[in-house]
Amino acid sequence: MIPYARQSVDEDDIRAVAEVLRSDWLTTGPVVPAFEEAVARFAGIAHGVAVSSGTAALHAMCHVLGLRPGDEVLVPAITFAATANAVLYAGGTPVFVDVDPDTLLMDPADLARKATPRAKAAIAVDYAGQPCDYDALAAVCRERGIALLADACHSLGATDKGRPVGTLAAMTALSFHPVKHIATGEGGMILVGDAETAKRLRRFRSHGIDADARERERLGSWHYAMVELGYNYRISDINCALGLSQLAKLPAFLARRRQIAAIYDAAFAAAPDVSPLAVRAGVAHAYHLYVVRLGADVDRGAVFTALRAAGVGTNVHYIPVHLHPYYRERLGTGPGLCPVAEAAYARILSLPMFPALTDAQAGQVAAAATAAARTCHG
Ligand SMILES: *Cc1c(COP(=O)(O)O)cnc(C)c1O
């Protein structure tokens, strides 16, 4: 079975992790800041704050917004539930914004429509691995006086007009879950240009205990001060050793993902029932996912089943968040709120995309998907 995603871990990675296990540090030692600095340097931004997951990164970003009950944060309807959940963790209310029909990225026009006077921020999601139109989103956010944040869990290594992900929003969340571009097991990071915000994120990561007090403690004082309610969202040196080793291979991983996308693009150019999502002009796509839209009269469920039978694992990213039972009950959301997202959801399928996928396998997937779409008319 070809999975839809899979990590690439080699002997170098294993050696790097083993080295940490022989060192004095298991959790926060020298490798955590080394990994933070390396990712921040890669993205061309001043600070990286590593945390225990992408979800923790999103929670930390929302925390430093200082949300009060009733404050709203705009999120796209098509994303992983964690984007919206983080707003709730931080005491705000997510408001769902519809997506562009061609790219499934947050639609700046719907952002302008949905941003009420209670809006404090928007979290753009670089769905599938291409940056949103941050220029257009930022124009809306500037006009409304709200912060623009990025959920870039799909897009590490992507650029927009040469500007890297990590520099396109005030704060950017990354995930290092094994299906993402580089793996730490579980892990995440916030990229941020502002030193004071980075300090607040670090404090939140470790119980709300002031880092200066920790520094004093290290210098021989027992005193420390917990100044706000934080969490234990720390990541370990073990995880970061894997991440640092993986980061060295990120350019090769990205290049391979782009090659696979080119194979799929060429195969589907003449397949009327299998249409890749559009790529925005000026974007270097990071292809966390390769998402196709099936023809209107194709039975998506039947294609999913036929591909499984043909040894091809696929997935659907995502069920629009506002349609989940929890959100329907808690916020009264439901069908009709984001019609473009809802219509797109019914027809999308994510095909296998990971660096170790061979040309032959990509060809096999493309042929199987084309055949399944031709035969599975509902
Ligand atoms: C993976 C992902 C997350 C959550 O990351 P974890 O590391 O799994 O917590 C959040 N948002 C999006 C868009 C993701 O793809």
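Residues numbered from 1 in each chain as written. Predicted model: local features only at pLDDT ≥ 70, side-chain atom pairs only at ≥ 80, totals over all residues. Heavy atoms only, no water.

Colleague: Please clarify how the nonpolar core should be interpreted in this entry.
Modeller: A general trend in soluble globular proteins is that nonpolar side chains are found buried together. Grouped together as the largest cluster of nonpolar side chains are 96 residues, with contacts concentrated most on Leu74, Leu111, Tyr127 and Ile190. Summarising the domain contributions, this core has at least three residues from each of domain 1 (11–247) and domain 2 (250–375). Apart from residues no more than four positions distant in its own chain, Leu111 is found in contact with Leu74, Val97, Met106, Ala122, Leu137, Val140 and Cys141. Core analysis: the second largest hydrophobic core is formed by 28 residues, Ala261, Val298, Leu307 and Val312 among them. (Core = buried A, V, L, I, M, F, W, Y, C linked by side-chain atoms within 4.5 Å. Buried < 20%, exposed > 50% of the residue type's maximum accessible area, 1.4 Å probe, protein only. Domains from an automatic or database assignment. Contact = heavy atoms within 4.5 Å.)

Colleague: Got a minute to help me understand the packing of aromatic side chains in this structure?
Modeller: Between two aromatic rings, the relevant description is the distance of the centres plus the angle of the planes. The tally for this structure, following the rule as stated, stands at 12 aromatic pairs. Arranged with centres 6.0 Å apart and planes meeting at 25 degrees, the rings of Tyr264 and Phe268 form a pair that is stacked. A residue pair is termed a helical-turn pair when its members lie 3 or 4 positions apart in one helix, as Tyr264 and Phe268 do in helix α10 (residues 250–268) at four residues. Across the pair, exposure class does not vary: Tyr264 and Phe268 are buried alike. Geometrically, the ring pair formed by Tyr287 and Tyr290 is stacked, given 6.1 Å between the ring centres and 25 degrees between the ring planes. The class of Tyr287 is buried, set by a relative accessible area of 11%. Grouped by ring-pair contacts, the aromatic residues Tyr264, Phe268, Tyr287 and Tyr290 constitute a single cluster. The side chain of Arg300 reaches across the aromatic face of Tyr345, ending 4.9 Å from its centre. (Phe/Tyr/Trp six-rings, centres within 6.5 Å; stacked < 30°, edge-to-face > 60°. Helix = DSSP H or I, 4+ residues; strand = E, 2+ residues; numbered from the N terminus. Lys NZ or Arg CZ within 6 Å of the ring centre and 35° of its normal.)

Colleague: I'm lost on the site of the ligand in this one. Help?
Modeller: In the vicinity of the ligand, 15 residues are found, and the nearest of them are Gly54, Thr55, His154, Ser175 and Lys180. Taking Ser175, its side chain carries an N or O atom lying 2.7 Å from an oxygen atom of the ligand. Relative to its free-state accessible area of 380 Å², the ligand is covered by the protein chains to the extent of 92%. For the ligand, the cavity whose grid points lie within 2 Å of the majority of its atoms is the second largest pocket. At the level of elements, α3 (54–64) and α4 (81–89) are the ones that each hand at least two residues to the shell around the ligand. Here the residues of the shell around the ligand sort into five nonpolar, eight polar and two charged. (Near = heavy atom within 4 Å. Polar contact = N/O pair within 3.5 Å; in protein donor to acceptor, adjacent residues only side chain to side chain. Areas by Shrake-Rupley, 256 points an atom, 1.4 Å probe, with all protein chains shown as cover. 1 Å grid on protein atoms, 1.4 Å probe; cavity = no way out; pocket = protein on both sides within 12 Å on 5 of 7 lines; lining within 4 Å. Sits in = over half its atoms within 2 Å of the grid points. Nonpolar A, V, L, I, M, F, W, Y, C, P; charged D, E, K, R; others polar.)

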